[in-house]
Amino acid sequence: MSRSGDGSHPYIDERLNTLMNNVNAVRAISSAVEGTLGPKGLDTMLVDEHGQVIITNDGVTILEQMEVKHPAARMLIKIASAQQAKVGDGTTTATVLASALVQEGAAQVEKGVPIVQVIAGIQRGVEQGLAVLSELARKIDDLDDPLIDRVAYIAARENESIARLVTEGAKLAGMDQLLTPDWRLSDSIQAYEGEESEVFQGVLLNRLPVSRHMPRLIENPRILVLEDGLGPEGIDDEALGTEIGFRRFLENKEEFKQNLGKLDGLGINVVVCEYSCDPLAEEFCTDHGIVLIHRVSKQEMRRLAEHVSAKPIKRTGLLKSPIDLQVYIGGANLLLVDDRSEKVRIQEGMGKPTATILVGAATAEIVGEKGRIAGDAASSVQAAIKSGIVSGGGSTEIAIASKIEEWRSQIQGMVGYGIDAVIAALQKPFSQMVINAGYNPFEKIEAVKSAQRSEDCSSLGLDFNTGEVKDMMDLGVIDPTLVKYYALKAAGEIAVSILRIHTIIRMRPVSIDQE
């Protein structure tokens, strides 16, 4: 194979060009969220083609709303979405870390280090960093621990009222619920324009009863949850035009009337449906004082069923005997219909404790951002309960980098250059926070590293208000370990994926015949 005129290999040139192209794309994405990082971070305004505006400093919101075409840049955005799905917070840190890892790794490749060695070093460095992080974690066993309040306050971007709502909601939900793997406190957040913020034990359905003549308040309601619509079995138009089909239609209607009678006989006074109800059902429920709510979302149905201890049932399940139907009925202390807000509140159910954290604001733009802040705080609190806490403000990343640096001296070979990339990348979040606060990052990084070494204290960091080195734990600046863990893990994975790309090829369009 021929070489280029300057003595370089054309394939190597192409691979390096691809790498640097990807690095530039990743750097551009990271720069869009870097300015929001830390207590002095600012907001970003997102504007769509119709002039709709979102003002936020939430990393995942910014990244997911950006118009991005470059494939490597899209890979970086996916890390934010994955971080959000996994722990609900830390998306900006994960993005900045991943971008820094890609840039530092590429810098080593430019120096002549084989890319496979850089990748191996990054993988080893990230693995060591996760081990150090686990050693630094402090467990939380009690929801009354003041550190929980601080986790919520920091994650809520120092919004005290939202932090208080979230901690109250966490206490109502209880430790067992917070530790349940597939249960998320952030799902309890309900953000609405014009509402007053509050926390209560129960669920909020974003629907009104199908008729204004149905009761507005029921004490000790007996609740049936239908994963279906409330109506007779349907007959298609073609069959309905036959004698047999019409007879079947009449039989289905009579059968349905009998099923409605079972509701009244069982003392059921609230029916919640996922799909639409038949006019016959609406008339029957109105006449018998039954609150009928239809077209309720799957998520709200699930939360309601768990809270009131109801077993969701299909429409055909109403054919069961009244005795068999008893086990499907749930209960609560109170149902209250709020016609002003067009919502139904069901409080103090007989099932799992469930808190609703209601966040209100004057305008849609503000309530949207408050909802996102509350969601981050709720996710952080739950993550802290599951995994413990570490010091925040970038101090933990600096401590991990220092520990890896000590371990690095024992590593022989070129993989060490990949480990150097991890050490440098771990300092990037702190460095960016320092920049956002208006200080010199080189000076402050060395000050913090020196203080951590001399005092053997990993929680020493920077007070971004004064510029002085302080103990972050004493200041109450703390983060959930789980957020840091997944941010570093995901950053390592996405950086390796991008560094492994040696060329980008546009795929040919798929024809209709091929589909």
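Here we summarise the structure given alongside this text. (Residues numbered from 1 in each chain as written. Predicted model: local features only at pLDDT ≥ 70, side-chain atom pairs only at ≥ 80, totals over all residues. Heavy atoms only, no water.)

**Some points on the sheet that holds strand E7 (residues 270-273)**
Logical step 1: Sheet architecture is open: 4 strands sit in the order E8-E7-E6-E9, paired in mixed fashion. Of all the strands in the sheet, the pair left with one neighbour each is strand E8 (291-293) and strand E9 (330-331).
Logical step 2: Sheet topology places strand E6 (residues 222-226) next to E9; 2 bridges connect them, and they run antiparallel. Bridge assignment links Ile-223 to a residue of E9, and that residue is Gly-330.
Logical step 3: With respect to the sheet, helix H12 (residues 298-308) is in contact with E6, E7 and E9, its orientation differing from that of E6 by roughly 145°. (Pairing = 2+ DSSP bridges. Helix = DSSP H or I, 4+ residues; strand = E, 2+ residues; numbered from the N terminus. Contact = heavy atoms within 4.5 Å. Axes fitted to C-alpha atoms, helices over the stretch in contact; angles between N-to-C directions.)

**Here we look at the layout of surface pockets**
A probe as big as a water molecule, rolled over the atoms, marks out the empty space that is left.
Logical step 1: One number sums up the size of the second largest pocket: a volume of about 290 Å³.
Logical step 2: Looking at the second largest pocket, it is lined by 15 residues, and the ones nearest its centre are Glu-104, Ala-424, Gln-427, Lys-428 and Ser-431.
Logical step 3: Contributing elements (two or more residues each) for the lining of the second largest pocket: helix H1 (10-34), helix H4 (91-110), helix H16 (415-426), helix H17 (428-437) and helix H18 (441-455).
Logical step 4: The class makeup of the residues in the lining of the second largest pocket is 6 nonpolar, 5 polar and 4 charged. (1 Å grid on protein atoms, 1.4 Å probe; cavity = no way out; pocket = protein on both sides within 12 Å on 5 of 7 lines; lining within 4 Å. Points joined across faces, edges and corners; volume = space filled by probe spheres on them. Nonpolar A, V, L, I, M, F, W, Y, C, P; charged D, E, K, R; others polar.)

**Here's the deal with empty space enclosed by the protein**
Logical step 1: Under the counting rule described, the total for this entry stands at 2 cavities of 30 Å³ or more.
Logical step 2: The space that makes up the largest cavity amounts to roughly 50 Å³.
Logical step 3: Looking at the largest cavity, the residues that line it are Gln-177, Asp-182, Trp-183, Arg-184, Asp-187, Arg-302, Arg-303, Glu-306 and Thr-354.
Logical step 4: With 3 residues, H12 is the single largest residue contributor to the lining of the largest cavity.
Logical step 5: Tallied by class, residues from the lining of the largest cavity come to 1 nonpolar, 2 polar and 6 charged.
Logical step 6: Every residue lining the second largest cavity is listed: Leu-97, Leu-133, Thr-396, Glu-397, Ile-400, Leu-426, Lys-484 and Leu-488.
Logical step 7: Elements represented by at least two residues in the lining of the second largest cavity include exactly helix H15 (395-408) and helix H20 (481-499).
Logical step 8: Sort the elements by how many residues they give to the lining of the second largest cavity and H15 lands first, with 3 residues.
Logical step 9: Within the lining of the second largest cavity, the residues separate by chemical class into 5 nonpolar, 1 polar and 2 charged.

**Here we look at the packing of aromatic side chains**
Logical step 1: Throughout the structure, instances matching the rule amount to 2 aromatic pairs.
Logical step 2: Judged by centre distance (5.6 Å) and plane angle (85°), the ring pair of Tyr-485 and Tyr-486 falls under edge-to-face.
Logical step 3: Classification of Tyr-485 by relative accessible area gives partly exposed; the value is 27%.
Logical step 4: Judged by its relative accessible area of 23%, Tyr-486 falls in the partly exposed class.
Logical step 5: Arg-345 extends its terminal NZ or CZ atom over the ring of Phe-200, reaching a point 4.1 Å from the ring centre.
Logical step 6: Seen from the ring of Tyr-439, Lys-444 lies directly overhead, with NZ or CZ sitting 5.3 Å from the centre. (Phe/Tyr/Trp six-rings, centres within 6.5 Å; stacked < 30°, edge-to-face > 60°. Buried < 20%, exposed > 50% of the residue type's maximum accessible area, 1.4 Å probe, protein only. Lys NZ or Arg CZ within 6 Å of the ring centre and 35° of its normal.)

**Quick look at the sheet that holds strand E11 (residues 343-347)**
Logical step 1: Read across the sheet, 6 strands follow the order E3-E12-E4-E11-E10-E5 without closing on themselves; strand pairing throughout is mixed. Looking along the sheet, the strands with just one partner apiece sit at the ends: strand E3 (189-193) and strand E5 (217-219). The mean inter-strand angle of the sheet, taken between neighbouring strand axes irrespective of direction, is 40°.
Logical step 2: As paired elements, E3 and strand E12 (residues 355-361) share 5 bridges and run parallel to each other.

**Thoughts on the nonpolar core**
Logical step 1: Core analysis: the biggest nonpolar cluster contains 49 residues, and Ile-79, Leu-101, Ile-122, Ile-404 and Leu-426 have the highest contact counts within it.
Logical step 2: For this core, the elements supplying multiple residues, two or more each, are H1, helix H3 (71-86), H4, helix H5 (115-136), H15, H16 and H20.
Logical step 3: Setting aside chain neighbours within four positions, we find Leu-426 in contact with Leu-97, Glu-397, Ile-400, Ala-401, Ile-404 and Leu-488.
Logical step 4: One finds Ala-156, Ala-163, Ile-389 and Ile-478 within the second-largest nonpolar core, a separate group that totals 30 residues. (Core = buried A, V, L, I, M, F, W, Y, C linked by side-chain atoms within 4.5 Å.)

**Describing the side chain of Asp-228**
Logical step 1: Along the chain, the position of Asp-228 falls in the loop between E6 and helix H9 (237-240).
Logical step 2: At 4.1 Å, Arg-315 is the nearest oppositely charged side chain to Asp-228, a buried residue that forms no salt bridge.
Logical step 3: Here the side chain of Asp-228 touches Arg-315 through a polar contact of 3.1 Å, landing on its backbone nitrogen.
Logical step 4: When neighbours within four sequence positions are excluded, Asp-228 is seen to be in contact with Cys-273, Glu-274, Tyr-275, Lys-314 and Arg-315. (Lys, Arg positive; Asp, Glu negative; His and termini not counted. Salt bridge = Lys/Arg side-chain N within 4 Å of Asp/Glu carboxyl O. Polar contact = N/O pair within 3.5 Å; in protein donor to acceptor, adjacent residues only side chain to side chain.)

**Topic: unusual backbone geometry**
Logical step 1: Its identity is not glycine, yet Glu-158 carries a phi of approximately 65°, on the positive side.
Logical step 2: Within the secondary structure layout, Glu-158 lies in the loop between helix H6 (146-155) and helix H7 (160-173).
Logical step 3: With relative accessibility at 43%, the residue Glu-158 sits in the partly exposed group.
Logical step 4: Its identity is not glycine, yet Asp-456 carries a phi of approximately 50°, on the positive side.
Logical step 5: With relative accessibility at 66%, the residue Asp-456 sits in the exposed group.

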